[in-house]
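Here are the chains, one letter per residue:
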Amino acid sequence: MNPRPTLPFVNPATGEQFGEVAMNTPAEVRQAVAEMRQAAVVWRQKPIQERVRIIRQLQKVLIDATDEVTAVLNRDCGKTRQDALVEFFITINLMDRYCRSAESWLRPRRVPSGIYYFKRCYVEQRPYGVVGIIGPWNYPVVLTGTPVIAALLAGNTVVLKPSEVTAATNVLIEQLLNRVPELQPYVRVVHGDGSVGAALVEAAPDLIFLTGSTPTGKKVMKAAADNLTPVICELGGKDPLIVLEDANVEEAARWGVWGACFNAGQTCMAVERVYVVEKVYDAFVEAAVREAQAFQMGCTADKESPYSMGPLTFERQVHIVDDHLQDALAKGAKVLLGGRRDQMFMQPTVLVDVDHSMKVMREESFGPFLPIMKVKDEAEAIRLANDCAFGLSAYVWSEDLTRAQRVASQINAGTLVVNDALSHFAVTQLPFGGVKHTGNGRVHGQQDLLQFTQSHSYAVGRTPSPLDIATHLRKPGHYWLGAGIMRVLFGVTPEQRLQGVQELANGVKERLPETPPSSAPATPSP
Ligand code: NDP
């Protein structure tokens, strides 16, 4: 018998292999979905307060495991312990908000009954059933943990397929979930590569939630179409930063560089391209080089590490980053700082003389690059920011908030941020997601929980429709009454409403019993 294929745990900073996990087979994936379908019947019947109580136990387990989590993120992904803590902090913060608000966010809501005044109308949010969650490697805790928690709170059971790249983190996530015995029957983790993700899609869960690249999003949507399984996608980004002439250039450069280099640039809403109005271009470039020089590259396991940026997480990223840099240089870009790679460590790299013929300005680089382009004015900046297949976040820097918001409102992206970068992801109630090739999902806040539910509408009351005007029981005159009611209620002009009144009068006349013939003798004509 062939041994089971395994996924190795590899430390990108050192190349050390420190463990492995066996991959699940497609049959096991189908089994996991079948088990979770049965378990869903029990989980969805638990009152929301009960589901919150159980998720709170997980919250306690996670907080107790803080050092374990930051240690595995450090070893598995090459994040500094401090950066790992940022990811974990956001996860716990979101979890806490969802536990506090789930009951009110998911409560049935009344809607006006309108002309059906004899019924009480309301909408109830019901879970889908089993949600297949497929996660990426760049933030393997927050981007798998948060959808798992949102889906569970909404009443679904979950089969989670995290990325093969972060296998050690995935094993820890599975162990932490299993430390809550009351939760254990309602969530499964399956380990494996893209083929295991494909097997999960094929197993037809009731909803698929994917965070990943745009090509994978297309594949998953095509495969899911066979079963008409709905798919929520959170896909790639190429987020622009616009620096207007009235910006605080020092701050724009500081947070622009941080937005480009945090997690070695491997962030979906990273600053991936910069457009600076010509008046402040030189000052911005000078400040950006200075800020980028301040980054310390390296990776140790210390909680108080002296380093600010670790390695790229795996080999595929190295190839993409090298390719984008070579392409830019071949087409005339200049490196002002960085541009070198030592093993998996890519230096923070400031590029100028870039344009939209270059991959570094059009495709997701996911590396610590800050390509800066000079623009004539805000109109050109807006045009170039929108010249992109993706639309996740966009950043505008200006001291004039009214102007910055006006510029932001013309950029086609899911989140618009004025005078900051990245930090909006930590706002637990601000929906986060994209447009265009970035997909259709919205995480954070009420929308996050609601996307794991379907709305079911109720119309409840003792009497059926008293309006026989709309049924086969209609009588003569009902046409006039119907048309009259419509014009009186919804008429746009006084003439339409007046015509409605006349039609109502006609209808009433038709409905009146006919005058009986008079018994008096006819008056003889003279
Ligand atoms: P990938 O698309 O490579 O993978 C995402 C997940 O899909 C992984 O678990 C992967 O498995 C799995 N997968 C691969 N092929 C298939 C398939 N045919 N069917 C089902 N599942 C499959 O993305 P990355 O992991 O590289 O993540 C980085 C990407 O995610 C970037 O593009 C980034 O912008 C995006 N992202 C988007 C965010 C957003 O909020 N919009 C947030 C964070 C990241 P395996 O890895 O094991 O091959």
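Quick caveat: nothing in here was measured; it's all calculated off a predicted structure. (Residues numbered from 1 in each chain as written. Predicted model: local features only at pLDDT ≥ 70, side-chain atom pairs only at ≥ 80, totals over all residues. Heavy atoms only, no water.)

**Q** Can you walk me through the pairing of strand S9 (residues 231-234) in this structure?
**A** Regular strands place their side chains on alternate faces of the sheet. Residues of S9 alternate between two faces, with Val-231 and Cys-233 on one and Ile-232 and Glu-234 on the opposite face, all of them buried. Crossover connection from strand S8 (residues 207-211) via helix H8 (residues 214-225) to parallel S9: handedness right-handed. (Buried < 20%, exposed > 50% of the residue type's maximum accessible area, 1.4 Å probe, protein only. Helix = DSSP H or I, 4+ residues; strand = E, 2+ residues; numbered from the N terminus. Right-handed = clockwise from strand over helix to strand, strands pointing away.)

**Q** Can you help me understand the site of the ligand in this one?
**A** Looking at the ligand, there are 32 residues lining it, with Gly-135, Trp-137, Ser-213, Thr-216 and Glu-364 nearest. Within the side chain of Glu-164, a nitrogen or oxygen atom sits 2.7 Å from an oxygen atom of the ligand. Leu-235 is positioned with one of its backbone polar atoms (N or O) 2.7 Å from a nitrogen atom of the ligand. Look at the ligand: alone it shows 890 Å² of surface, and the protein chains cover 93% of it. Counting only elements with at least two residues in the shell around the ligand, the list comes to helix H7 (194-202), S8 and H8. When grouped by side-chain class, the residues that make up the shell around the ligand number 13 nonpolar, twelve polar and seven charged. (Near = heavy atom within 4 Å. Polar contact = N/O pair within 3.5 Å; in protein donor to acceptor, adjacent residues only side chain to side chain. Areas by Shrake-Rupley, 256 points an atom, 1.4 Å probe, with all protein chains shown as cover. Nonpolar A, V, L, I, M, F, W, Y, C, P; charged D, E, K, R; others polar.)

**Q** Mind showing me how you'd approach the pattern of salt bridges here?
**A** Any two side chains of opposite charge can pair, so long as their charged atoms come close to each other. All told, the structure shown has 28 salt bridges when counted by the stated rule. For Arg-254, the salt bridge goes to Glu-291, with nearest N and O atoms at 3.2 Å. Taken together, the residues Arg-254 in helix H9 (residues 249-261) and Glu-291 in helix H10 (residues 278-293) connect sequence positions 37 residues apart. (Salt bridge = Lys/Arg side-chain N within 4 Å of Asp/Glu carboxyl O.)

**Q** Can you walk me through empty space enclosed by the protein in this structure?
**A** Empty space among the atoms becomes apparent when a probe as large as a water molecule is rolled across them. Enumeration over the complete set of coordinates arrives at four cavities of 30 Å³ or more. The space that makes up the largest cavity amounts to roughly 190 Å³. Lining the largest cavity are 17 residues, with Leu-62, Val-141, Gly-145, Ile-173 and Leu-176 sitting closest to its centre. Elements with a contribution of two residues or more to the lining of the largest cavity: helix H2 (48-64), helix H3 (66-77), helix H4 (81-106), helix H5 (142-153) and helix H6 (167-178). In terms of residues, the lining of the largest cavity owes the most to one element, H6, which gives five residues. (1 Å grid on protein atoms, 1.4 Å probe; cavity = no way out; pocket = protein on both sides within 12 Å on 5 of 7 lines; lining within 4 Å. Points joined across faces, edges and corners; volume = space filled by probe spheres on them.)

**Q** Just checking my understanding: could you explain the environment of Ala-252 for this structure?
**A** By the secondary structure assignment, Ala-252 is in helix H9. Looking at Ala-252, the relative accessible area reads 0%, which means it is buried. Placed 169 residues apart in sequence, Ala-252 and Ala-421 show a C-alpha to C-alpha distance of 9.0 Å. Ignoring anything within four residues of it in the chain, the contact list for Ala-252 reads Leu-241, Val-243, Phe-284 and Trp-397. (Contact = heavy atoms within 4.5 Å.)

**Q** Could you clarify how one ought to interpret a nonpolar patch on the surface in this entry?
**A** There is a patch of nonpolar side chains on the surface, built from Ile-115, Tyr-116, Ile-485, Met-486, Leu-489 and Phe-490 and spanning about 620 Å² of accessible area. One can find Ile-485 in helix H16 (residues 478-490). Taking relative accessible area as the criterion, Ile-485 reaches 40% and is therefore assigned partly exposed. (Patch = residues over 30% accessible without salt bridge, like charges linked within 9 Å, V, L, I, M, F, W, Y side chains within 5 Å.)

**Q** Please clarify how the sheet that holds strand S12 (residues 334-337) should be interpreted in this entry.
**A** Strands belonging to one sheet form pairs held by backbone hydrogen bonds; the direction of such a pair is parallel or antiparallel. Spatial ordering of the open sheet is given by S12-S15-S16-S11-S10-S18-S19, a layout of seven strands whose pairing is mixed. Unpaired on one side and paired on the other, S12 and strand S19 (415-418) mark the two borders of the sheet. The sheet shows a mean angle of 25° between the axes of neighbouring strands, taken without regard to direction. Sheet analysis places strand S10 (residues 239-243) next to strand S11 (residues 271-277), joined by five bridges and oriented parallel. (Pairing = 2+ DSSP bridges. Axes fitted to C-alpha atoms, helices over the stretch in contact; angles between N-to-C directions.)

**Q** How do you make sense of H8 when you look at a structure like this?
**A** Since the α-helix packs 3.6 residues into each turn, any two residues three or four apart lie on the same face. Compared with the 16 Å implied by 1.5 Å per residue over twelve residues, the 17 Å span of H8 between its first and last C-alpha is a close match. Taken together, the buried positions of H8 are occupied by Thr-214, Gly-217, Val-220 and Ala-224. Down the axis, H8 shows its buried residues gathered within 115° of arc, on one side only. Among the exposed residues of H8, those oriented more than 90 degrees off its buried face are Pro-215, Lys-219 and Lys-222. Against the buried residues of H8 lie H7, S8, S9 and strand S17 (390-391). (Expected span 1.5 Å × (residues − 1). Arc of directions from axis to C-beta.)

**Q** I would appreciate a short explanation of the pairing of S19 in the present structure.
**A** Going residue by residue along S19, you find Thr-415 and Val-417 tucked away on one face and Leu-416 and Val-418 left uncovered on the opposite face. One crossover worth recording links strand S18 (residues 393-397) to the parallel S19 by way of helix H14 (residues 401-408), and it is right-handed.

**Q** Is there a simple way to explain the sheet that holds strand S4 (residues 120-127) in this structure?
**A** The strand order across the open sheet built from three strands is S3-S4-S21, with neighbouring strands paired in antiparallel fashion. With partners counted over all chains shown, the strands left at the sheet margins are strand S3 (109-111) and strand S21 (453-460), one partner each. Averaged over all pairs of adjacent strands, the angle between their axes in this sheet comes to 30°, without regard to strand direction. Sheet topology places S4 next to S21; eight bridges connect them, and they run antiparallel. Looking at the pairing, Gln-125 lines up with Ser-455 of S21.

**Q** Can you walk me through unusual backbone geometry in this structure?
**A** Glycine aside, a negative phi is what most residues show, and trans is what most peptide bonds show. Phi at Ala-204 is positive, roughly 55°, even though this residue is not glycine. Relative to the helices and strands, Ala-204 is located in the loop between H7 and S8. On the basis of relative accessibility, which here comes to 21%, the residue Ala-204 falls in the partly exposed class. Of note in the backbone geometry, Lys-436 takes a positive phi value of approximately 55° without being a glycine. Here Lys-436 shows up in strand S20 (residues 435-436). Since its relative accessible area comes to 34%, Lys-436 is described here as partly exposed.

**Q** Got a minute to help me understand helix H11 (residues 315-330) in this structure?
**A** For H11, built from 16 residues, the straight-helix expectation of 22 Å at 1.5 Å per residue is met to within 8% by its first-to-last C-alpha distance of 23 Å. Taken residue by residue, H11 has Gln-317, Val-318, Val-321, His-324, Leu-325, Asp-327 and Ala-328 as its buried positions. Its buried side turned inward, H11 meets S12, strand S13 (341-342), strand S14 (345-346), strand S15 (349-352), helix H12 (359-362) and strand S16 (369-375). Directly beyond the C-terminal end of H11, a positive phi value near 110° is found at Gly-332.

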